[in-house]
Amino acid sequence: MAKNPQTPPARRASDRGRYGRLSRERVLATALELVDREGLSALSMRRLGAELGVEAMALYRYAEGKDALLDGLVEAMHLELHARLDADRPDADEPDADDKSADGTGAAEAAATRADDTDADDTDADDWRAGLHRFARTLYDVCLDHPHAVPLLTTRLLAVPMARRPLPVLRSHERVLALLEKAGLEESTTAAAFEAVLGWLLGYVSVELRPMVDNPDEPDPAFRLGLHRLPSQELPTLRRLAPAVAERGGPEGLATGLDALLDRFTKPASPSP
């Protein structure tokens, strides 16, 4: 039987979307944009494929499944962190032409690769504390720009062994460890300080972004927070302090807590009376 000339050819899982050929960088950037707009619950291979104009199967060459896609979002956030840190350097130059590739991935990969050189610049002389503050504030800013993806920074850390984490995540670990080493700490103290700094940064951002407002249209602070829903007999202290607890500490609170934590590891303990 002759083929109907009007019958379209069978569709293949091509990786050429409506905006051109895909790359891992483009897939992850689009996934992050989707999560920024609609939250993590909106992310699926099918939905992401629709955003890119390709079939979902075309995405599996860039992310093996949903978990790999979630790890990719964490990777994208850390790539943004490194790019901002590099851009803020006083001697930062424009990306070289060699850093760019035809699919647009070169610039991001080069930004992550340059992290090792940035570590050396950040850790000169007594600048280790300033470097840690710069890292903390930049991470804070990235998280505020992508609040729906922030939980992944913790949950994927709990789910993925260190050696299997994306390279940009490991470079973040390397930055912090290299800065702490410049403080002259012993290895065991450096490791303990690293864990404490990591816990403080992730914990602080998570608390900053937690939802507190029950009714955003309510002008009265108590009703806005929904305090009338809390049993006064069982939760008197929480009801009384809730307005203060709901206030964000902002970058100042982040910096104050970081300094207090670093002092704990770097300053000699006061002698007992």
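All figures in this text were calculated on a predicted structure; none of them were measured in a lab.

Engineer: Even after reading the chapter, I still don't get the packing of aromatic side chains, so can you show me in this structure?
Structural biologist: The way to describe two aromatic rings as a pair is by their centre distance and the angle between their planes. Scanning the model with the defined rule gives 2 aromatic pairs in all. Taken together, a centroid distance of 6.3 Å and an interplanar angle of 45° make the contact between Tyr140 and Tyr204 tilted. Placement of Tyr140 in helix 6 (residues 128-145) and of Tyr204 in helix 9 (residues 187-209) is noted, with a sequence separation of 64 residues between them. Assessed through its relative accessible area of 4%, Tyr140 is described here as buried. Taking the relative accessible area as the measure of exposure, Tyr204 reaches 10% and is therefore buried. Grouped by ring-pair contacts, the aromatic residues Tyr140, Trp200 and Tyr204 constitute a single cluster. Over the ring of Phe265 we find Arg264; its NZ or CZ atom is 5.5 Å from the centre of that ring.

Engineer: It is not clear to me how the side chain of Thr190 should be interpreted in this structure. Could you clarify?
Structural biologist: Mapped onto the elements of the fold, Thr190 is located in helix 9. Leaving out residues up to four positions away in the same chain, Thr190 has contacts with Leu177, Leu180, Glu181 and Leu185.

Engineer: Sorry, what's going on with the environment of Thr138 here?
Structural biologist: Position of Thr138 relative to the elements: it lies in helix 6. A relative accessible area of 6% places Thr138 in the buried class. C-alpha of Thr138 to C-alpha of Asp88: the two residues are 50 residues apart in sequence and 9.6 Å apart in space. In contact with Thr138, not counting residues within four places along its chain, are Leu81, Arg84, Leu85 and Asp88.

Engineer: Would you mind showing me how to read helix 7 (residues 150-159) here?
Structural biologist: The periodicity of an α-helix, 3.6 residues per turn, causes residues three or four places apart in sequence to face the same way. Within helix 7 the residues assigned to the buried category are Val150, Leu152, Leu153 and Arg156. Seen end-on, helix 7 carries its buried residues on one side only, within an arc spanning 155°. Turning to helix 7, the residues buried within the fold contact helix 3 (66-87), helix 6 and helix 9.

Engineer: Quick question: what am I supposed to make of the pattern of salt bridges here?
Structural biologist: A pair can form between side chains of opposite charge whenever their charged atoms are brought close. Applying the stated criterion across every chain, the model contains 15 salt bridges. A network of salt bridges, in which partner residues are shared, links Arg37, Glu38, Arg47 and Glu51.

Engineer: Can you help me understand the packing of helix 9 against helix 12 (residues 250-266) in this one?
Structural biologist: Packed helix pairs are characterised by how far apart their axes lie and by the angle those axes make with each other. Running from N to C, helix 9 and helix 12 cross one another at 160°; their axes reach a closest spacing of 10 Å. With respect to helix 12, the element helix 9 is oriented roughly antiparallel. At the point where helix 9 passes helix 12, the crossing takes the right-handed sense. In this structure, helix 9 uses Thr189, Ala192, Ala193, Ala196, Val197, Trp200, Leu201, Tyr204 and Glu208 to contact helix 12, whose residues at the interface are Gly250, Gly253, Leu254, Gly257, Leu258, Leu261, Leu262 and Phe265.

Engineer: What's the story with the side chain of Thr30 in this structure? I'm lost.
Structural biologist: With respect to the helices and strands, Thr30 occurs in helix 1 (residues 24-38). If we skip the residues at most four places from it in the chain, Thr30 touches Leu48, Glu51 and Leu52.

Engineer: Please explain the environment of Gly39 as it appears in this structure.
Structural biologist: Locating Gly39 in the fold gives a position in the loop between helix 1 and helix 2 (45-52). According to the relative accessible area criterion, Gly39 is buried, its value standing at 7%. Beyond its immediate sequence surroundings of up to four residues, Gly39 is in contact with Leu34 and His148.

Engineer: Teacher, can you tell me more about the packing of helix 3 against helix 6 here?
Structural biologist: In contact at an axis separation of 10 Å, helix 3 and helix 6 are set at 130° when each is read in the N-to-C sense. In terms of axis orientation, helix 3 runs oblique to helix 6. For the crossing formed where helix 3 meets helix 6, the hand is right-handed. Two secondary-structure elements touch here, helix 3 through Met77, Glu80, Leu81, Arg84 and Leu85 and helix 6 through Arg134, Phe135, Thr138, Leu139, Asp141, Val142, Cys143 and Asp145. Of the residues that constitute the contact of helix 3 with helix 6, the class distribution is 7 nonpolar, 1 polar and 5 charged.

Parameters and conventions
- Residues numbered from 1 in each chain as written.
- Predicted model: local features only at pLDDT ≥ 70, side-chain atom pairs only at ≥ 80, totals over all residues.
- Heavy atoms only, no water.
- Phe/Tyr/Trp six-rings, centres within 6.5 Å; stacked < 30°, edge-to-face > 60°.
- Helix = DSSP H or I, 4+ residues; strand = E, 2+ residues; numbered from the N terminus.
- Buried < 20%, exposed > 50% of the residue type's maximum accessible area, 1.4 Å probe, protein only.
- Lys NZ or Arg CZ within 6 Å of the ring centre and 35° of its normal.
- Contact = heavy atoms within 4.5 Å.
- Arc of directions from axis to C-beta.
- Salt bridge = Lys/Arg side-chain N within 4 Å of Asp/Glu carboxyl O.
- Axes fitted to C-alpha atoms, helices over the stretch in contact; angles between N-to-C directions.
- Parallel < 35°, antiparallel > 145°, perpendicular 65-115°, else oblique.
- Left-handed = near helix turned anticlockwise from the far one by under 90°.
- Nonpolar A, V, L, I, M, F, W, Y, C, P; charged D, E, K, R; others polar.

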